[in-house]
Amino acid sequence: GAVVSQHPSWVICKSGTSVKIECRSLDFQATTMFWYRQFPKQSLMLMATSNEGSKATYEQGVEKDKFLINHASLTLSTLTVTSAHPEDSSFYICSARIKGSYEQYFGPGTRLTVT
Amino acid sequence: DQQVKQNSPSLSVQEGRISILNCDYTNSMFDYFLWYKKYPAEGPTFLISISSIKDKNEDGRFTVFLNKSAKHLSLHIVPSQPGDSAVYFCAASVTGNTDKLIFGTGTRLQVFP
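This report concerns the structure included in the present document. Note that the coordinates shown come from a computational prediction; the quantities given were computed from them, not determined experimentally.

A closer look at the overall build of chain A
Line of reasoning, step 1. Along its length, chain A carries zero helices and eleven strands.
Line of reasoning, step 2. Each helix and strand of chain A, placed in order from N terminus to C terminus, yields the pattern β-β-β-β-β-β-β-β-β-β-β.
Line of reasoning, step 3. C-alpha atoms of chain A, sized along the principal axes, occupy 40 × 25 × 20 Å.
Line of reasoning, step 4. Put simply, 54% of the contacts in chain A that link residues at least 6 apart link residues at least 24 apart.
Line of reasoning, step 5. Accessible surface for chain A amounts to roughly 5700 Å². Of this, 53% is attributable to carbon and sulfur atoms.
Line of reasoning, step 6. For chain A, the distance from the average site of its 11 positive side-chain charges to the average site of its 9 negative ones is 3 Å.

Following this line, the structure appears as structure tokens:
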């Protein structure tokens, strides 16, 4: 149980374009979903927290107009990287938390490469 | 400011021996700690957690120890197996703000035969 999927697993896009990443909880309802970013050999950095049906809460330094997060249902959250630049190239990981639980269940991640 | 630190970027252990991964934190408000295991190109997988009201939690081959006075926790894996080879992250949170997990930088464990 507690499986989280991400799609796509790997995407290459050109500078200036937008790319959408989906995060789904497959066998549970996730009241809260999280988006992280990981640079090579670095820690996971929380970008934003989203609760179903409400606006995402962004961490300091994360541009909310650039990283659009939508949590449309209890099983789906999307991250859209708008006007992508090469410095946005990274590994993006989502996680989901079951209500009442501390643990977060992570998706497999999406590697974004912006050329 | 790195609030959760894993000072050893890598660790190499022989199969069957004990692996000890260490984690230090600076924020005394942290009261819940978790360990995650991560394979390349995959998301982290939850391993074990501990609340600050305890100093030890055990689950099979995995034991986490917490020393609050030293702001230090460690993960012991006994016996180590080749399949344990991965990057291990510790994470910390504050009760009441459990949304936010602060991750360490990870320790790459390699278990060799």
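Here we look at the environment of Ile93(A)
Line of reasoning, step 1. In this fold, Ile93(A) is placed in strand β9 (residues 90-98).
Line of reasoning, step 2. With a relative accessible area of 0%, Ile93(A) lands in the buried category.
Line of reasoning, step 3. Distance in space between the C-alpha atoms of Ile93(A) and Lys14(A) is 21 Å, their sequence separation being 79 residues.
Line of reasoning, step 4. Those residues in contact with Ile93(A) that lie beyond four places of it in its chain are Gln6(A), Phe34(A), Trp35(A), Tyr36(A), Gln38(A), Leu44(A), Phe106(A), Gly107(A), Gly109(A), Lys38(B), Gly43(B) and Pro44(B).

Observations regarding the sheet that holds strand β3 (residues 19-25) of chain B
All names here are of chain B.
Line of reasoning, step 1. Spatially, five strands are ordered β1-β3-β8-β7-β6 in an open sheet, and the strand pairing comes out antiparallel. Looking at strand neighbours, the two that pair on one side only are β1 (4-5) and β6 (56-59), the edges of this open sheet.
Line of reasoning, step 2. Looking at chain direction, β3 and strand β8 (residues 72-77) are connected through six bridges and run antiparallel. Bridged to Asn 22 within β8 is Ser 74.

What about the nonpolar core?
Line of reasoning, step 1. One finds Val4(B), Phe33(B), Trp35(B), Leu73(B), Leu75(B) and Tyr88(B) to be the most contacted residues of the largest nonpolar core, which totals 24 residues.
Line of reasoning, step 2. Mapped onto this core, the elements with two or more residues apiece are β3, β4 (32-38), β5 (45-51), β7 (62-67), β8, β9 (86-94) and β11 (107-112) of chain B.
Line of reasoning, step 3. In terms of residue count, β9(B) provides more of this core than any other element does, four residues in total.
Line of reasoning, step 4. The next biggest cluster of nonpolar side chains, apart from the first, holds 23 residues, and it includes Cys23(A), Ile69(A), Val81(A) and Ala84(A).

Describing the pattern of salt bridges
Side-chain pairs of opposite charge can arise where the charged atoms are in close proximity.
Line of reasoning, step 1. In total, this model carries four salt bridges over all chains according to the counting rule given.
Line of reasoning, step 2. Ionic pairing is found between Arg24(A) and Glu22(A), a salt bridge with its closest N-O pair at 3.4 Å.
Line of reasoning, step 3. Accessibility expressed as a relative area gives 35% for Arg24(A), which makes it partly exposed.
Line of reasoning, step 4. Note that Glu59(A) and Lys100(B) form a salt bridge whose closest N and O atoms lie 2.5 Å from each other. Of the two residues, Glu59(A) is situated in the loop between β6 (57-58) and β7 (67-73) and Lys100(B) in strand β10 (residues 97-103); the pairing between them involves two chains.
Line of reasoning, step 5. Owing to a relative accessible area of 30%, Lys100(B) belongs among the partly exposed residues under this scheme.

Overview of the layout of surface pockets
A water-sized probe rolled over the atoms picks out the places where empty space is left.
Line of reasoning, step 1. In this structure, the largest pocket occupies an estimated 450 Å³ of space.
Line of reasoning, step 2. What lines the largest pocket is a set of 20 residues, among which Gln38(A), Pro40(A), Lys41(A), Gln42(A) and Arg108(B) lie closest to the centre.
Line of reasoning, step 3. For the lining of the largest pocket, the residue count by class is nine nonpolar, seven polar and four charged.
Line of reasoning, step 4. In this model, the second largest pocket occupies a volume close to 300 Å³.
Line of reasoning, step 5. Contributing to the lining of the second largest pocket are 13 residues, with Met45(A), Leu46(A), Glu59(A), Lys100(B) and Ile102(B) lying nearest its centre.
Line of reasoning, step 6. With four residues, β10(B) is the largest single contributor of residues to the lining of the second largest pocket.

Considerations on the pairing of β4(B)
Residue and element names in this part refer to chain B.
Line of reasoning, step 1. Extensive coverage of β4 is indicated by the burial of seven of its seven residues.
Line of reasoning, step 2. Of the two faces of β4, the one lined by Tyr 32, Leu 34, Tyr 36 and Lys 38 and the one lined by Phe 33, Trp 35 and Lys 37 are each fully buried.
Line of reasoning, step 3. In terms of strand pairing, β4 meets β5 through six bridges, oriented antiparallel. Among the inter-strand pairings, Lys 37 is bridged to a residue of β5, identified as Thr 45.
Line of reasoning, step 4. The hairpin turn running from β4 into β5, its antiparallel successor, is six residues long, and Ala 41 in that turn takes a positive phi close to 60°.
Line of reasoning, step 5. In the sheet, β4 pairs with β9 via seven bridges, with the strands oriented antiparallel. When the sheet's bridge partners are listed, Phe 33 is paired in β9 with Ala 92.

Cut-offs applied
Residues numbered from 1 in each chain as written. Chains lettered and ligands numbered in written order. Predicted model: local features only at pLDDT ≥ 70, side-chain atom pairs only at ≥ 80, totals over all residues. Heavy atoms only, no water. Helix = DSSP H or I, 4+ residues; strand = E, 2+ residues; numbered from the N terminus. Contact = heavy atoms within 4.5 Å. Areas by Shrake-Rupley, 256 points an atom, 1.4 Å probe, with all protein chains shown as cover. Lys, Arg positive; Asp, Glu negative; His and termini not counted. Charge placed at Lys NZ, Arg CZ, Asp CG, Glu CD. Buried < 20%, exposed > 50% of the residue type's maximum accessible area, 1.4 Å probe, protein only. Pairing = 2+ DSSP bridges. Core = buried A, V, L, I, M, F, W, Y, C linked by side-chain atoms within 4.5 Å. Salt bridge = Lys/Arg side-chain N within 4 Å of Asp/Glu carboxyl O. 1 Å grid on protein atoms, 1.4 Å probe; cavity = no way out; pocket = protein on both sides within 12 Å on 5 of 7 lines; lining within 4 Å. Points joined across faces, edges and corners; volume = space filled by probe spheres on them. Nonpolar A, V, L, I, M, F, W, Y, C, P; charged D, E, K, R; others polar.

In short, the description is geometric, and any link to function would need to be established separately.
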